[in-house]
Amino acid sequence: MIFNDILKFAIGSRHPEQHDDDGDGRQLPGPRAVREVRKALQGANRSQIDKALEQLARGRNDPEWHRKWEVMVRILDKEICQGAAIINAYLAIVESGFRSAELQVREQSFDCWKVLTFIFAKYSQINSPKRVKLICIPLKSSKSKTEMIARRKFEIWWFMVNQLGEELEKFADAVFEPFIYFCFGPSFKTPLCYYFDDSYQEYGTPGKFFDSIKQLSAIALIHMLGPADKVTESLLQQSNGCAASFNLLIPLKPIPARLVSEKLKLLFNSCLECTVLLAQMKDKPYLELNRNLWRNLLARVECEESVTKPEMLAWMQENLSALVKLKQSIGRSLSLKYRTNIPIHFPVTLPLFVAGAGIDQHDMGL
């Protein structure tokens, strides 16, 4: 077979040994396909490979361009991590896809980015500041215009959070905080400011716009604070396609204690935003999910020493005041009803136990 025929073989074959499932229903080249294409690469000279790359770069009308890219990168495997010349040639193709006016091409580019991220993790390069910066560029700069693009971004963010593990603290500003803003932003300047200030509307993040991302964001935050109750696990299993974003990442470990200390106010604000998102899930057990969420947060801060208890109580009071204000404002503002999609009367459960002052779990009937 000639080089391009081998690529087509790896992409198009339906032999059971020639495809793996990436957990999201997409077929990736399996062991036999990898062996076949590796042979072709070994037998191909540099000009053939360069020609194949050139065809990929020009092949935006080829519906399989991204699959071919994935095949070639998976075959190169560790080599893609070695030397700027090799990786830059492949990056140029995907980066042009991120800039495409065609939304489908952008989605396909994030499929490619996901494969590249997996390879970095496979060879312990995902904790390199240089690699982290590279991976995060399209996650931060490219607007999520479709739910599928947002899903792909979430999967890459979540994969990084879990792969970094205890080292996530080193990337608190580069990875953790941008991921939180992706899920619950666009701003925490004041609690729930997105719902009160029209200037934030154009900057709404995927967690505000797409139902699947709202659900994934809530599940992720509960897991990051840890542990997840059965109700959260059942929500994950019931979610249409959501479990695929987590299937490579079990067991899910809570974030390090030092990171909680460093980003505690951000986490308080995130839990408040998450409470509002959960209240929009009228067909889900959102009261129980809220209990799980706040119980986890308060368990993490119970032994917190870097922030004083009075300061934490002040944050909680500010958050509760914003929540009450939101409830009162929804009844008067059609635009707020549109933004939140929350019934005028929605109960919110906030189990609070901070600084020795116990407030029993109860339905606040907001």
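The coordinates are above.
As the structure is a prediction and not an experimental result, all values here were calculated from the model. (Residues numbered from 1 in each chain as written. Predicted model: local features only at pLDDT ≥ 70, side-chain atom pairs only at ≥ 80, totals over all residues. Heavy atoms only, no water.)

Participant: Quick question: what am I supposed to make of the overall build of the protein here?
Facilitator: Secondary structure summary: the protein contains 18 helices and four strands in total. Across the 366 residues in the protein, those meeting the buried criterion constitute 55%. Across the protein, contacts joining residues at least 24 apart in sequence account for 67% of those joining residues at least 6 apart. (Helix = DSSP H or I, 4+ residues; strand = E, 2+ residues; numbered from the N terminus. Buried < 20%, exposed > 50% of the residue type's maximum accessible area, 1.4 Å probe, protein only. Contact = heavy atoms within 4.5 Å.)

Participant: What am I meant to see in the side chain of Ser187 here?
Facilitator: By the secondary structure assignment, Ser187 is in the loop between helix H9 (172-184) and helix H10 (193-196). A residue is classified by how much of its surface remains accessible, and Ser187, at 12% relative accessible area, is buried. Here the side chain of Ser187 touches Lys189 through a polar contact of 3.0 Å, landing on its backbone nitrogen. Ignoring any residue separated from it by four or fewer positions in sequence, one finds Ser187 in contact with Tyr181, Cys193, Tyr200 and Glu273. (Polar contact = N/O pair within 3.5 Å; in protein donor to acceptor, adjacent residues only side chain to side chain.)

Participant: What should I look at first to understand the packing of aromatic side chains in this one?
Facilitator: Counted by the stated rule, this structure contains 11 aromatic pairs. Ring centres of Phe98 and Trp113 lie 5.3 Å apart, and the angle between their planes is 80°; on these two criteria the pair is classed as edge-to-face. Separated by 15 residues along the polypeptide, Phe98 in helix H5 (residues 84-98) and Trp113 in helix H6 (residues 103-122) bring together distant segments of the chain. Relative accessible area serves as the criterion here: at 1%, Trp113 is assigned to the buried category. On the numbers, 6.3 Å between centres and 45° between planes, the contact of Trp157 with Phe179 is tilted. Taken together, the residues span a long stretch of sequence, with Trp157 in helix H8 (residues 147-164) and Phe179 in helix H9 at a distance of 22 residues. Just as Trp157 is buried, Phe179 falls in that class too. Pairwise contacts between aromatic rings join Phe154, Trp157, Trp158 and Phe179 into one cluster. When the ring centre of Tyr194 is taken as origin, the NZ or CZ atom of Lys208, which lies over that ring, is 5.0 Å away. (Phe/Tyr/Trp six-rings, centres within 6.5 Å; stacked < 30°, edge-to-face > 60°. Lys NZ or Arg CZ within 6 Å of the ring centre and 35° of its normal.)

Participant: What is the right way to read the pattern of salt bridges from this model?
Facilitator: Should their charged atoms come close, side chains of opposite charge can pair. Per the stated rule, a full pass over the model turns up 13 salt bridges. Note that Asp111 is salt-bridged to Arg152, the shortest N-O span being 2.4 Å. Here Asp111, found in helix H6, pairs with Arg152, found in helix H8; they are 41 residues apart in sequence, far enough to count as distant. Comparing Asp111 with Arg152 shows no difference in burial state: the two are buried. Of the charged contacts, one joins Lys263 and Asp173 as a salt bridge, the two residues approaching to 2.7 Å between their closest N and O atoms. One end of the pair, Lys263, is in the loop between helix H14 (257-262) and helix H15 (264-279); the other, Asp173, is in helix H9, and 90 residues separate them in sequence. Through salt bridges with shared partners, a single network forms among Asp111, Lys114, Arg151, Arg152 and Glu155. (Salt bridge = Lys/Arg side-chain N within 4 Å of Asp/Glu carboxyl O.)

Participant: Is there a simple way to explain the environment of Cys193 in this structure?
Facilitator: The topology assignment puts Cys193 in helix H10. With 129 residues separating them in the primary sequence, Cys193 and Ala322 have C-alpha atoms 8.7 Å apart.

Participant: I would appreciate a short explanation of the environment of Leu267 in the present structure.
Facilitator: Within the secondary structure, Leu267 is located in helix H15. When the C-alpha positions of Leu267 and Leu221 are compared, they lie 8.8 Å apart, and in sequence the two are 46 residues distant. Non-local contacts of Leu267, meaning those with residues more than four positions away in its chain, are made with Phe176, Leu221, Leu225, Ile255, Val260 and Leu297.

Participant: So what exactly am I meant to see when it comes to unusual backbone geometry here?
Facilitator: Here the bond from Gly185 into Pro186 is cis, since omega is 20°, no more than 30 degrees from zero. One can find Pro186 in the loop between H9 and H10. Omega for the bond connecting Gly226 with Pro227 falls within 30 degrees of zero, at -5°, which places this linkage in the cis form. The backbone of Asp77 sits at a positive phi, close to 55°, despite the residue not being glycine. Counting through the fold element by element, Asp77 comes out in the loop between helix H4 (65-76) and H5. In this structure Asp77 comes out as buried when scored by relative accessible area, which is 14%.

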